[in-house]
Each structure stands twice: as structure tokens, then as C-alpha cells.
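Residue-level structure breakdown
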Amino acid sequence: MNIKCGIIGLPNIGKSTLFNLLTNSQVRTDNYPFCTINPNIGIVDLYDPRLYKIADIINISNILCSRIQLIDTAGLIKNAANGIGLGEKILEQLYKVNIIYHVVRNFKKNSIHHVYNRISPIEDINIINMELILYDLIKCENLLSKLKYNITNENIIKICNKLISCLNNNKMLKTLEFSDEEKNIVSNLNFITLKPMIYIFNCDDTKTNVQNISNTTINYNKDIVININFLKEKNINFIIKKSTLDKTNFRTYNKILSKYNLVRLFIHTFNLLNIITFFTFNDKEIKSWMIKRGTTALTAAKKIHSDIYNGFIKVKVINYNKFVLIDNNKFQKLNKIPYAIYNKHYSIMDGDILKFVFR
Ligand SMILES: Nc1nc2c(ncn2[C@@H]2O[C@H](COP(=O)(O)OP(=O)(O)O)[C@@H](O)[C@H]2O)c(=O)[nH]1
Ligand SMILES: [Mg+2]
């Protein structure tokens, strides 16, 4: 599963700091706006504490996390959608992403320059969201003017008008209800304001009450708001990266991970995209996998290897929540794990540990 996440926000608010944190890269995070217009692209290892816990129980040290792609864009400013500050080019980069991480500055620090010389998360959110709405509006109007003279496009024209009227009311397209037919057409057009969004407040230690952010501000009530202190996460991240993954320090490792707030970001990302995790292991390695909620055992088998898919006999399943409750000593022989047996139609649950039996 190829998941792409795009980071957006005003200039100089910590976007690249977040990118570096998540991808373990070293892109420039200088204290001045518009360092570059080209996006930074990197891979994120999705730490799932469950993975380390299972590894600890079954005594395996080769751990393979699920991964997603992360795109760090340059800062957007007012009138970006009209091309100011090369905004159009930046917005274009969001075309292919599945989810948007909207970073909001909520740290004071006078020495870090703010493009509008003030700290106001809500105004900042409004500026960015208006640009996204405007960008979709321009795209939609362009599409409409291309279709207008062709009578066979009647349905699409009708949808375009619906979209335009929504955007003209300063509302994101995801606030609309669509029929199945409309959904089919609209989903292929990759509008930015249809994509799920997580607002990440980059907070310093002064506790500002972010819970007060209202639905009118975030425009769509299924989107998520989280508070993360990037600088603090940076320290935890450093410890995570430093500790070598040998069998003895899984527990310490999990303790560190439990303080790592970015794990919450991954959990929300999965929820918004309707993705769940399952695990597989053999005597060499343990691995986590991402799949759409509702995927059957047979489809999951196909994802792992065509041999497993073609020769599928059955799948042995134990959920993580049950697995961790069983006395560790019982696992001295791995063949004693109390799996349940299912056929190819089994619908995989989040946290399932799967063992495929195949010809
Ligand atoms: N005090 C403080 N500074 C931060 C924080 N996050 C980022 N910075 C600093 O803000 C500046 C701009 O950060 P950067 O990640 O490049 O912002 P971008 O332009 O949005 O990519 C850098 O000097 C960062 O070190 C934070 O949470 N607190
Ligand atoms: Mg940057």
C-alpha cells in the first residue's frame, strides 16, 4: 500500500523540522522563509509499539515497520493559489497525496520570524485553508470552461457547478454529500479540499488551549487537531534512533515510544484513511502491514506473496490484544500459540497476527 502524506503550512513554522523528525533526514530548517520551492520527499518508518512488544515476546530482533512517503512543501502565503510566492507550484505537489498534515505555528520564540509578524494559529489556519479552497475553485472553473461546449458532459457540468458553489461559500469540498455516481467522478479529480487533514499544532512549553479550535475554523469536523512539541519530540526521536534494537532493550524502547507523541499522528493517519495493521512473523523477522479496513485474508495473502495467494489453504489468527495477555512462558514453543483458524473470507481486524497456511 503506497500512502503519501503532504506537509503544508505558512513559511517558517516547523514544517521541515517535522519532516526531519519523521524521516530522520537533515533538510534545511533555516530561520527564514522560502528556503526552497522544491519539495523534500522522504520515507517514514511507522513505529507501532505493538510490533516491538510482539518481537519481545517471541524473541525476534529483525523488525520491519510499515512505511509511508512524506512530502515537505515550501511555505504557502496569502494569494498562493493565484501564484504568489510560487504557491501554485507548491499546491500542485499536493495533487497525489492521500492525506494532508497542516502544520500550525503555536510557539512564541520572537527570534523565529513569522511572515505576518504575529502568533495567531486560527488566522494562520484560515489563510492556508482559503488558499486550498481557492486553488480547487480555480481548478474547477477551468474544468468547467473546458466542458461547457460539449453537451455529452452534462453530468460533469452539473457536479462542477455543485462544487463551485460550495467553494464559493468558503467551504471545503469534503463538507459536501455525494451520490455514488458523483463520488466516482469527483474522486478522480484529486481536489485538495477533499483530502483528509490533520492539523498539527507545533507548540512550545507554554500551554495554550488548542482544544478551543472550533469546527468553523477547521472547516470539517472529521479532520483532527493534535498538539505536538516538535523540539521535545526531537529529543525523544534522538533516543529512539540511538538505541540499538537488540533483544534486551525492547522494553526500554517501548517505554520511550509511549512518550513519543508522533505515534499519535500515525494512529490518526490510519483512522482517517481507513487503514488497519496486521502482523506476520517467521523465525527470522517480524513485519507489520497496512491494509484497508475490511480486507479479506485472501486479499492480504496476495499482498504478501503470490505463492501464498495461489496456494491459500487457511489462515491462523490471533489478535494482538489476546496475544499479549497470554503468559510469556507459554511461548517458549511457538507452535503452542492458541490461533483461531479461518478461511479465505476472514475479514482482517486491526492488530491481527496472521500465519498463512498454503500449498
Ligand atoms: N522555538 C521553536 N522553534 C522552532 C520550533 N519548530 C521549528 N522551530 C524553528 O523555526 C525555524 C523554521 O523551522 P522550519 O522547520 O525550517 O520551518 P518551515 O519553513 O515551516 O519548514 C527553525 O529555525 C526551527 O529550528 C518549535 O517548536 N519551537
Ligand atoms: Mg521548510
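This text gives an overview of the structure that appears in the document. Just so we're clear, the structure is a prediction, and the values are computed from it rather than from any experiment.

So, how was this worked out
- Residues numbered from 1 in each chain as written.
- Chains lettered and ligands numbered in written order.
- Predicted model: local features only at pLDDT ≥ 70, side-chain atom pairs only at ≥ 80, totals over all residues.
- Heavy atoms only, no water.
- Helix = DSSP H or I, 4+ residues; strand = E, 2+ residues; numbered from the N terminus.
- Contact = heavy atoms within 4.5 Å.
- Pairing = 2+ DSSP bridges.
- Axes fitted to C-alpha atoms, helices over the stretch in contact; angles between N-to-C directions.
- Parallel < 35°, antiparallel > 145°, perpendicular 65-115°, else oblique.
- Nonpolar A, V, L, I, M, F, W, Y, C, P; charged D, E, K, R; others polar.
- Near = heavy atom within 4 Å.
- Polar contact = N/O pair within 3.5 Å; in protein donor to acceptor, adjacent residues only side chain to side chain.
- Areas by Shrake-Rupley, 256 points an atom, 1.4 Å probe, with all protein chains shown as cover.

Re the environment of Ala80
Assignment of secondary structure puts Ala80 in the loop between β4 (66-72) and α3 (87-92). Remark: the alpha-carbon pair of Ala80 and Met130, spanning 50 residues in sequence, is separated by 9.6 Å. Aside from chain neighbours lying at most four places away, what touches Ala80 is Gly87, Glu88, Leu91 and Glu131.

So, the sheet that holds strand β3 (residues 62-64)
The strands making up a sheet associate through hydrogen bonds between their backbones, and the pairing can be parallel or antiparallel. Taking strand neighbours across the sheet as the criterion, the six strands line up as β3-β9-β8-β12-β10-β11 in an open arrangement whose pairing is mixed. Lying at the two open borders of the sheet, with one neighbouring strand each, are β3 and β11 (340-342). Averaged over all neighbouring strand pairs, the angle between strand axes comes to 30°, with direction disregarded. Here strand β8 (residues 275-281) pairs with strand β12 (residues 352-358) via two bridges, running parallel. When the sheet's bridge partners are listed, Phe279 is paired in β12 with Ile353. Against the sheet, helix α2 (residues 49-58) engages β3, β8, β9 (285-292) and β12, with an angle of about 145° to β9. On top of the sheet, helix α10 (residues 262-273) reaches β8 and β9; it is set at about 115° to β8, its chief contact.

Things to note about the packing of helix α5 (residues 154-168) against helix α6 (residues 180-187)
Following both chains from N to C, one finds α5 and α6 inclined at 80°, their axes separated by 11 Å at the closest point. Accordingly, the angle class assigned to the pair α5 and α6 is roughly perpendicular. Between α5 and α6, the residues in contact are Asn155, Ile156, Ile159, Lys162 and Leu163 and Glu181, Glu182, Ile185 and Val186, respectively. Of the residues that constitute the contact of α5 with α6, the class distribution is five nonpolar, one polar and three charged.

Things to note about the sheet that holds strand β6 (residues 197-203)
One open sheet accounts for six strands, arranged β2-β4-β1-β5-β6-β7; its pairing is mixed. Both outer strands of the open sheet, β2 (40-46) and β7 (224-228), are each paired with one neighbouring strand and no more. Across the sheet, the mean angle from the axis of one strand to that of its neighbour is 25°, orientation sign disregarded. Here β2 pairs with β4 via seven bridges, running antiparallel. Across the sheet, the residue bridging to Gly42 is Leu70, located in β4. Sheet strands touched by helix α1 (residues 15-23): β1 (4-8), β2, β4, β5 (99-106) and β6. Its angle to β2, the strand with the most contacts, is close to 45°. Helix-sheet contacts for α10 involve β1, β2, β5, β6 and β7, and the interaxial angle to β7 is about 170°.

A short note on the site of ligand 1
Of all residues adjacent to ligand 1, which total 16 residues, the nearest are Asn12, Lys15, Ser16, Thr17 and Asn202. Between ligand 1 and the protein, one listed contact pairs an oxygen atom with a backbone N or O atom of Ile13 at 3.0 Å. Contact with the protein chains hides 87% of the accessible area of ligand 1, taken as 580 Å² for the molecule alone. With three residues, the top contributor of residues to the shell around ligand 1 is α1. In terms of residue class, the shell around ligand 1 is built from six nonpolar, seven polar and three charged.

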